[in-house]
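Residue-level structural notes
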Amino acid sequence: MAKSVPMRMVRLAVLIVILAAFFFLLPPSSHAFLLKSRLLHADTDSDKFLTTEEHWLNQTLDHFSPYDHRHFEQRYYEFLDYFRAPDGPVFLKICGESSCIGIPNDYVTVLAKKFGAAVVSLEHRYYGKSCPFKTLATENLRYLSSKQALFDLAFFRQYYQNSLTLKLNRTNAENPWFVFGVSYAGALSAWFRLKFPHLTCGSLASSGVVLSIYNFTEFDQQVGESAGPKCKSALQEVTRLVEQRLESNKQAVKSAFGAAELKIDGDFFYFLADSAAIAIQYGNPDKLCSPLLQAKANGEDLVDAYASYVKDYFLGSFGVSVSSYSQQHLKNTAASEDSSDRLWWFQVCSEVAYFQVAPSNDSIRSSKVDTKYHLDLCKNVFGNGVYPEVDATNLYYGGTKIAGSKIVFTNGSQDPWRRASKQTSSPEMPSYIISCHNCGHGTDLRGCPQAPLNREGDDKNCSSPDAVNKVRQQITDHMDLWLSEWHEAGRSWGSV
């Protein structure tokens with residue numbers, strides 16, 4: 001439970017933490033946005049993470065109140081094996097809407113080696129072990145927002161820079177910081193540079209969803225476009241057949257997909273839609289489309305073929321839990337490291353929406369997944385008064401008209417989330433589309449497929465590695481320029 005801490009105790013705690021940082025920042029020994037995170041973090045082999053060693057700082061609960069002095073413990077990670085002391089850069093990898101169990105060994109590792117960077121990562125407030133409260137009742141979620149998270153990052157950036165400066169015995173000097181994030185964390189990366197440009201020399205917003213969207217019909221449309229006309233038609237036929245069969249035998253149909261526990265039909269249809277979208281989103285389109293097209297060519301039952309795919313891939317190798325689609329599950333207020341579903345849905349229902357509703361025409365997903373379904377879910381799970389303030393969010397950050405600088409936006413050509421990102425370049429904010437058959441969510445950092453994790457973002461399985469490498473070279477060039485500009489400016493505490 002968050003608690004009030006006297007200011008003299010806070011000062012003492014900060015001093016102790018900084019002194020402790022002096023010791024763990026000595027030369028290191030050998031290193032050890034929800035669905036995507038379960039798979040990306042499922043394998044904890046040491047070579048898939050730069051480190052899993054936990055560190056902690058005392059974080060402010062409410063950055064916007066001068067009267068609320070409560071704090072909570074927030075988890076973070078650091079990796080210093082490639083750090084070029086004393087003036088090497090610090091790469092801040094933002095953890096998003098999931099438990100953060102370490103620093104993944106993706107393409108940031110390659111960049112850290114090249115630039116001699118330290119790599120640090122802060123767990124998002126409320127997620128994983130960084131929860132301020134013992135229960136996640138709606139009234140306790142009032143401090144869960146992107147705005148609070150950005151101030152967490154700013155506080156952490158200052159805290160860590162101070163500890164690094166102390167360890168290096170430097171005065172009136174700072175290291176350049178560069179920020180990375182994928183998906184929601186990609187949006188946070190762009191927003192951090194927007195709101196705190198003096199704290200970072202640039203950011204990468206990989207598949208950064210900076211545009212909040214109320215009715216996100218474009219998501220379904222992009223799934224269909226990426227799947228191709230034949231696969232899209234097969235998926236639409238599956239939806240029609242399932243809708244028909246549910247009318248006569250709901251239990252049998254849901255059981256065939258291993259989803260009998262989803263009593264609300266809307267939850268079940270959302271589950272079916274996600275089962276297809278995930279394969280497209282994370283660079284595995286053939287796992288979805290090949291068995292469906294084969295079944296159609298052989299005159300086999302498409303529903304049976306899709307059910308087999310769902311159980312083998314979506315529930316099997318991808319590792320999704322059916323219960324995560326149950327509103328009863330989302331109403332569980334017990335705080336744990338597995339509470340990401342409820343927490344992200346609160347952010348969806350209160351701030352960013354991204355309601356993946358069925359388009360009025362030519363939809364893949366069932367028309368039952370509409371605006372009313374999402375609003376009913378928000379009310380059922382969180383009670384009255386929780387509503388996504390999409391216009392306010394876009395007004396605050398700018399949406400795709402974000403007025404930032406030195407932000408690189410990247411998107412995979414097949415990713416449904418690209419429709420919520422900035423896809424056109426503007427002065428000081430270049431945007432790149434990585435085009436290939438299996439280039440999805442976060443391809444520039446994750447390689448292909450985007451899940452499970454590829455060590456150092458290996459791109460050998462991308463249908464066009466050259467397309468990936470071309471964008472990666474552009475990212476490197478921008479980073480090189482912006483880091484050089486920072487050094488040439490002689491940035492110090494006095495200039496911040």
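Residues numbered from 1 in each chain as written. Predicted model: local features only at pLDDT ≥ 70, side-chain atom pairs only at ≥ 80, totals over all residues. Heavy atoms only, no water.

1. Focus: the overall build of the protein chain
When you go through the protein chain residue by residue, the secondary structure sums to 17 helices and 13 strands. About 19,300 Å² of surface is accessible on the protein chain, with carbon and sulfur atoms providing 52% of the total. (Helix = DSSP H or I, 4+ residues; strand = E, 2+ residues; numbered from the N terminus. Areas by Shrake-Rupley, 256 points an atom, 1.4 Å probe, with all protein chains shown as cover.)

2. Here's the deal with the environment of Y354
Among the structural elements, Y354 can be located in strand β11 (residues 353–355). With a relative accessible area of 5%, Y354 lands in the buried category. A sequence separation of 138 residues divides Y354 from F216, and the C-alpha atoms of the two residues are 5.4 Å apart. Residue contacts for Y354: discarding those within four places in its chain leaves V209, L211, S212, I213, Y214, F216, W344, W417 and A420. For Y354, the side chain forms a polar contact with the main-chain oxygen of V209, separated by 2.6 Å. (Buried < 20%, exposed > 50% of the residue type's maximum accessible area, 1.4 Å probe, protein only. Contact = heavy atoms within 4.5 Å. Polar contact = N/O pair within 3.5 Å; in protein donor to acceptor, adjacent residues only side chain to side chain.)

3. Section: the state of the cysteines
Using the criterion set out here, one finds five disulfides in the structure. Through a disulfide, C231 is tied to C289; the S-S separation comes to 2.1 Å. Between C231 and C289, the disulfide has an S-S torsion of -85° and is therefore left-handed. Residue C231 is found in helix α7 (residues 229–248), and its partner C289 is found in helix α10 (residues 285–297); the two are separated by 58 residues along the sequence. Taking relative accessible area as the criterion, C289 reaches 8% and is therefore assigned buried. One disulfide bridge connects C448 with C462, the sulfur atoms lying 2.1 Å from each other. Its S-S torsion of about 95° marks the bond between C448 and C462 as right-handed, since a negative value means left-handed. In this pair, C448 is assigned in the loop between α16 (443–446) and α17 (465–489) and C462 in the loop between α16 and α17, connecting sequence segments 14 residues apart. Neither residue differs from the other here; C448 and C462 are each classed as buried. (Disulfide = S-S within 2.5 Å.)

4. Concerning the pattern of salt bridges
Applying the stated criterion to the full structure yields 21 salt bridges. We note a salt bridge from E54 to R75, for which the minimum N-O separation is 2.7 Å. Placement of the pair is E54 in the loop between β2 (49–51) and β3 (55–60) and R75 in strand β4 (residues 70–79), with a sequence separation of 21 residues. Given the relative accessible area of 29%, E54 is considered partly exposed. For R75, a relative accessible area of 2% gives the class buried. Where K129 meets E54, a salt bridge forms, and the shortest distance between an N and an O atom there is 2.9 Å. Placement of the pair is K129 in the loop between β7 (118–122) and α4 (146–168) and E54 in the loop between β2 and β3, with a sequence separation of 75 residues. Exposure remark for K129: the relative accessible area of 36% places this residue in the partly exposed category. In this structure, a network of salt bridges that share partners links the residues E54, R75, E123, K129 and E337. (Salt bridge = Lys/Arg side-chain N within 4 Å of Asp/Glu carboxyl O.)

5. Quick look at the nonpolar core
Ranked by size, the top nonpolar core spans 116 residues in total, and within it V242, F257, F268, F271, L288 and Y306 carry the most contacts. By residue number, the principal contributor to this core is helix α9 (residues 265–281), which donates ten residues. Residues within four places of F257 in sequence aside, it is in contact with V242, F268, F271, L272, V303, Y306, A307, V310, K311 and L315. (Core = buried A, V, L, I, M, F, W, Y, C linked by side-chain atoms within 4.5 Å.)

6. Examining unusual backbone geometry
Each neighbour pair has its own omega, and for A85 with P86 the value is 5°, a cis peptide bond. Looking at where P86 falls in the secondary structure, it is placed in the loop between β4 and β5 (90–94). A cis geometry characterises the amide bond from A451 onward to P452, with omega recorded as 0°. Locating P452 in the fold gives a position in the loop between α16 and α17. Although it is not a glycine, E456 adopts a positive phi angle of roughly 55°. Checked against the element boundaries, E456 lands in the loop between α16 and α17. On the basis of relative accessible area, E456 is assigned to the partly exposed category, the value being 27%.

7. Here's the deal with the confidence of the model for the protein chain
On average, the protein chain scores 92 in pLDDT, and the residues at 70 or more come to 90%. Note that pLDDT drops below 50 for residues 3–33; the model gives that stretch 43 contacts with residues more than four away or on any other chain. (pLDDT = per-residue confidence, 0-100.)

8. Comments concerning the side chain of H478
One can find H478 in helix α17. Residues contacting H478, with those up to four places away along its chain left out, are V408, P430 and Y432.

9. Describing helix α15 (residues 390–397)
Among the residues of α15, V390, T393, N394 and Y397 are the ones counted as buried. Axial view of α15: buried residues confined to an arc of 95°, hence all on one face. In α15, the exposed positions angled more than 90 degrees off the buried face are occupied by D391 and L395. Its buried side turned inward, α15 meets α4, α5 (184–195), β10 (213–215), α13 (340–352) and β11. G398 occupies a position one or two residues after α15 and carries a positive phi of about 100°. (Arc of directions from axis to C-beta.)

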